[in-house]
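Spelled out, the chains give:
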Amino acid sequence: MNRNEFFQALPVAKMNLKLTSAALEICTDDIEDIHVMASGGQSDMDELRIALAADVLTVEQPVSKLPRKATGTASWLQVTIRLPRSWKGAIEARTISGWMNIRSVAGTDLNLDTVSGMIMASDVSFLTLSARAVTGDIKLNQADCGKCSLFSTSGSLTAMRTALDRGSASTVTGLITLDLVAPFEELTLNSVTGEMCVDAPITECDAVLRSVSGRIRTSGISIVEGAAKLRATTVSSDLDLTCNIE
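How each quantity is defined
Residues numbered from 1 in each chain as written. Predicted model: local features only at pLDDT ≥ 70, side-chain atom pairs only at ≥ 80, totals over all residues. Heavy atoms only, no water. Helix = DSSP H or I, 4+ residues; strand = E, 2+ residues; numbered from the N terminus. Rg over C-alpha atoms; globule rule 2.2 N^0.38 Å. Contact = heavy atoms within 4.5 Å. Areas by Shrake-Rupley, 256 points an atom, 1.4 Å probe, with all protein chains shown as cover. Lys, Arg positive; Asp, Glu negative; His and termini not counted. Charge placed at Lys NZ, Arg CZ, Asp CG, Glu CD. Buried < 20%, exposed > 50% of the residue type's maximum accessible area, 1.4 Å probe, protein only. Pairing = 2+ DSSP bridges. Polar contact = N/O pair within 3.5 Å; in protein donor to acceptor, adjacent residues only side chain to side chain.

**Q** So what's going on with the overall build of the chain? Residues and values would help.
**A** A tally of helices and strands in the chain yields two helices and 21 strands. Taken against the 2.2 N^0.38 rule, which gives 18 Å for 246 residues, the C-alpha radius of gyration of the chain at 20 Å falls within 12% of a compact globule. At a minimum sequence separation of 6, the contacts of the chain that also span at least 24 residues come to 41%. As displayed, the chain has an accessible area near 11,600 Å², and 51% of this comes from carbon and sulfur atoms. Of the side chains in the chain, 22 bear a positive and 29 a negative charge, and the two mean positions are spaced by 6 Å.

Structure representation (structure tokens):
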């Protein structure tokens, strides 16, 4: 079953997406209105709420009282939102087990939160970007943001071809991999056992690692006070710093 809703883009300043098991995809296109498309089973479509109140567009999948497995019915739902390229609002999206894929979107604030799903964002530009997962991985590619915050308990945190002014990445057992295309002002990294790797176009860094047995390894970067600031905390992991200036 399919469902299509259209909303004028100008009145919408924020999108609030509250999903459980639904997969979410957000992208831009050469269109004038915001297009919300949903595909899924009959029961999931009946429960899905799509509404515009004031300047907030809400898409909500209520938490069912009983798991679908207990009722003997299959459950699946995918929500796709197509935005005009000129739209520059805020997005807040939460899922329990569904994955998220955000592509070619720009705006003010992007906040993504999931329990076990995967978060992917590519070719995005926001003033602030926050992505949080409990067990899922977080993958950024060609992201541009002033402030970036990434967190996952056991998932890996990856930011490729990314630019940020201030950023933080925290995980317990996952890996932290940051491939930056512009110098940063400040980075804060936390990992208990996962390795931490930062590639950036800098030759000097004010880097400090607090660790029981880990150490800093550098390639093409000198540790200098007053340079780009990096503070890392870990129990047993190393911090690899590499200059990626070609």
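**Q** So what about the pairing of strand β14 (residues 176-180)? Which residues, and what values?
**A** Taking burial as the measure, the five residues of β14 include four buried ones, the bulk of the element. Where strand β13 (residues 157-171) meets β14, four bridges bridge the pair, whose relative direction is parallel. Among the inter-strand pairings, Ala159 is bridged to a residue of β14, identified as Leu178. In the sheet, β14 pairs with strand β16 (residues 196-200) via four bridges, with the strands oriented parallel. What sits directly across from Asp179, in β16, is Asp199.

**Q** Mind laying out the side chain of His35, listing which residues take part and the relevant values?
**A** Tracing the backbone shows His35 in strand β4 (residues 33-40). Looking at His35, its side chain comes within polar contact range of the side chain of Asn4, at 2.8 Å.

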